[in-house]
Amino acid sequence: MDSFDREEVKSFLDLGEQELYGLLVPERARQQLNSPGALMARGKNIFLSRASEVRSIVCRQYKQRGTSMKNTIDLTVLVATALLASPAMLGIPVLPMAALLVKIGLEEFCRSVTPEANPGHG
Amino acid sequence: MEEPTPGARIEGNYNFESLFCNLFRVDMASPDLVHPPRSHSDLTTETLLQAAEASFHARRAADAVQIQRLPDNLPPSTAPVLFHERLHYWQMISCPKLQWHFVLFLDKLRAQVAAAGGLPHWICGQTYAEQLVPPEILEESLKSIDAEFAVYPMTLSQENLRTGKLPPIFDSVDRLGENWITTGDAPDGAWPTSQLLLGLPHSPGKKLIGYGAMLMFPAASEKVVIFPFNGLYLMESAAYISQQLYEGRPLPKPEQLDEIEDQKYLGVWEYWRRLHGHRYSSEANLALAFLAAVDLTIMSDVIDITPSDSETHLEMFSLPYRFGKLAFALQGLEPLQPKDGDEPAQAVAQFQEQFCQWYGWPSPDFAIKKMAVQLTRIVVGAFARHIPATPENKALIETFLGDSLPPGTPQTSYLAEHFELVEPIWNLFQYATGAPRIGQQVLGNMLNACLYRIKHPGEFALPHLYHAGLGRQFPLPLVLIDGTYYLDQEVGNALNVGWPYPITGMETLHDLIALMTIKPLKYGEAGQCGFLEEALECFYVKSGLGCPIRGLTSEQREIREKVQLDDWCHWTLRSVLLRTAPEEIQIKWRKRWEVESGH
């Protein structure tokens, strides 16, 4: 669970939601020509396109282990660890996604998911 | 189709390797940009039909693509974004420096396919058949290109500047104090403004030498803003200013540029405004001159040049160096002032020619003709095996290879100077039949754009004035929105307009999909797909057929099995074709095609 650098995790949590959306864009896709605001918009598109799969992975963990966590860094690490091996995150930076989910609010994000919910497709 | 939300905002992105134009919705709460979300039952029915269609193509080693015209009822905010992305496409297909970047990208793909034991001849490149560009030449050039398109965040405090705590970027060439040039007070009192010589790092021990600017905004910010004049900053600034003019908005006068995003879009313009603003009585002419300068920067002569000194080499190959020299030297030339009744494009072309004559640079016309020769050579090489060996064809090829030239003549320069010798060679394009090589259609588009540049000088520099004509001739080959492929609205007018290379919209579309799919090969990643690398949805994912590389769900697997689609997708086709796919995938599909064809 401690495979992430806590300082790095904190640095992501210090960013605003808009910046975090931009950081969801894979590194190689950032060195292109974007209209103003395109990185953030692209990041939001990525977030939405993965939301369903991410919800099925993260929310089960959150409901089982995260609801009692008060420290946002611990919570972000928990979420990032859950996402790390997911095919849904292929090419997408994990820490910005985890920080974003924590900032959005996991309670809100996982409202419709029960702890026993199907973890998703193989 | 549902009416889109009138206030919906979108943003766009342009990829210089795959040529994809991606549009993204900003307001996620609004309905889908162009069509409503499908219900689950629709998805099942449509997915099955699309799976059957894709399977039909797979049996013939072809790709399934659904495409439609961009609808007319896009949100109003789409027009300027599309203009912005079209502009980047026009920059790319018509400027020798950017065309050259693309050719090197293809050469790198060829090298990686060969390294993976595949068949490089399926990709166009400077070398013929299985031959490759030497890796040491290729790597050096590609790293420089990376530096041309990198963002360099270099904002610092005035305290840092006073105490000499500067980013390492300055150390590479010389100390800051010895290289800055204070250009004096700008008319609005915003100063100081300095031009710096920088070394943009791109690989261990390697730098791209070029100029940049240091700007301060004492009234609004404590920060010192520093940025290079590299390709990214130049082209975004030019695109932003063109977009402002296209939309009829006032030209920007930023009060500060603390944000990196603002530096990208406004930095070079603000430098230009401070340097040249007091010399121009008209802001419109100041903007025209800025667009002309950026255009001339990316119109450098990059083919077969043997620079006599490092200065000439930098002026041709380093965009930040070239722009720095150009911007500064233009202070010695009369401002661009089109007279009443002058066509702006002509005025810009004359301004560029005048500078080149005065400064000793090759003219844009000469640079573009040399590139046209080179592109012709590469495209002809792609289908040379189909050219009948008649005496006429042999004579044409000999002209091209230089056998008929005086010994020692640099053939590309000679042909650019005697361009009438090149035109008959385009007759060979009639033999460009059969499956095109990857990159061939894009290179053909570039050749056509060269010819447009030669016949309509200055128009590509001023797209806000000439977008209608440029859009008809050179529409975006592909616009991707939420995994759906669209043809640019004006594409119907683009075909058969008399340019050398015959273009068909669908072949260009397939070329772009191939380029996007195999893009990760640039890094030697044969098992990766560019759609995944960029977190973009492709046709197969959008259709509910899933991604074989990411892994299929049980439903997706079931549908694929039902119609024998198996693991077919954009990536499988190209990887089997190039023989870079895992062997079991190659064997499986080849066997299947043998059965289908009865062999």
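Cut-offs used in this document
Every chain begins its residue count from 1, and numbering advances along the sequence as written. Just so you know, chain letters begin at A and ligand numbers begin at 1, following the order they were written in. In keeping with the model being predicted, local features are shown solely for residues with a pLDDT of at least 70 and side-chain atom pairs are shown and tallied solely at 80 or more, while totals for entire chains, interfaces and linings include all residues. Only heavy atoms go into the side-chain values, all of them from the structure, while hydrogens and water stay out. Angles run from 0 to 180 degrees between N-to-C directions of axes, and those axes are lines fitted to C-alpha atoms, restricted for helices to the stretch in contact. Runs of E in the DSSP output that reach at least two residues are strands. Runs of H or I that reach at least four are helices, and both are numbered from the N terminus. Comment on the angle field: the value is read as roughly parallel under 35 degrees, roughly antiparallel over 145, roughly perpendicular from 65 to 115, and oblique elsewhere. A contact between two residues is defined here by any heavy atoms of the two lying within 4.5 Å. Classification used: nonpolar for Ala, Val, Leu, Ile, Met, Phe, Trp, Tyr, Cys and Pro, charged for Asp, Glu, Lys and Arg, polar for all others including Gly. Aromatic pairs are defined between Phe, Tyr and Trp rings, using the six-membered ring for Trp, whenever the two ring centres lie within 6.5 Å; interplanar angles under 30 degrees are classed as stacked, those over 60 as edge-to-face, and all others as tilted. The cut-offs for exposure are 20% and 50% of the maximum accessible area for each residue type, with area from a 1.4 Å probe on protein chains only; residues under the lower value are buried, those over the upper are exposed, and the others partly exposed. Ring-over charges, as used throughout, are those where CZ of Arg or NZ of Lys falls within 6 Å of the ring centre and within 35 degrees of the ring normal. Cysteine sulfur atoms are paired as a disulfide whenever they fall within 2.5 Å.

### Considering the packing of helix H6 (residues 231-247) of chain B against helix H7 (residues 260-276) of chain B
Two quantities define a packed helix pair, namely the angle between the helix axes and the distance between the axes. Residues and elements named next belong to chain B. Contact geometry for H6 and H7: axes closest at 7 Å, N-to-C directions at 85°. Put simply, H6 runs roughly perpendicular to H7. Residues Leu-232, Tyr-233, Leu-234, Glu-236, Ser-237, Tyr-240 and Ile-241 of H6 form the contact with H7, whose participating residues are Gln-263, Lys-264, Tyr-265, Leu-266, Gly-267, Val-268 and Trp-269. Among the residues making up the contact of H6 with H7, the classes are represented as 9 nonpolar, 3 polar and 2 charged.

### Some points on the packing of aromatic side chains
Scanning the model with the defined rule gives 33 aromatic pairs over all chains in all. Look at Phe-47 of chain A and Phe-109 of chain A: their rings are 6.1 Å apart centre to centre, the planes differ by 50°, and that puts the pair in the tilted class. Of this pair, Phe-47 of chain A sits in helix H4 (residues 38-66) while Phe-109 of chain A sits in helix H7 (residues 106-109), and the two are 62 residues apart along the sequence. Per residue, the accessibility class of Phe-47 of chain A equals that of Phe-109 of chain A, and both read buried. Here the aromatic rings of Trp-589 of chain B and Trp-593 of chain B are separated by 6.1 Å at their centres, their planes lie at 40°, and the arrangement is tilted. Highlighted residues: Trp-589 of chain B and Trp-593 of chain B, both in helix H22 (residues 583-597), separated by 4 residues, approximately one helical turn. Each member of the pair, Trp-589 of chain B together with Trp-593 of chain B, is buried. Grouping aromatic residues by their ring pairs yields a cluster made of Phe-227, Phe-229, Tyr-233, Trp-269, Tyr-271, Trp-272, Phe-290 and Phe-323 of chain B. Directly above the ring of Tyr-523 of chain B sits Arg-28 of chain A, whose terminal nitrogen or CZ lies 3.6 Å from the centroid. The ring of Trp-361 of chain B is capped by Arg-322 of chain B, whose NZ or CZ atom sits 4.1 Å from the centre of that ring.

### A word on the state of the cysteines
Residue and element names in this part refer to chain A. Under the defined criterion, the tally for this structure stands at 1 disulfide over all chains. Note that Cys-59 is cross-linked by a disulfide to Cys-110, the S-S spacing being 2.0 Å. Between Cys-59 and Cys-110, the disulfide has an S-S torsion of -75° and is therefore left-handed. Residue Cys-59 is found in helix H4, and its partner Cys-110 is found in the segment after H7; the two are separated by 51 residues along the sequence. The residues Cys-59 and Cys-110 share a single accessibility class, namely buried.

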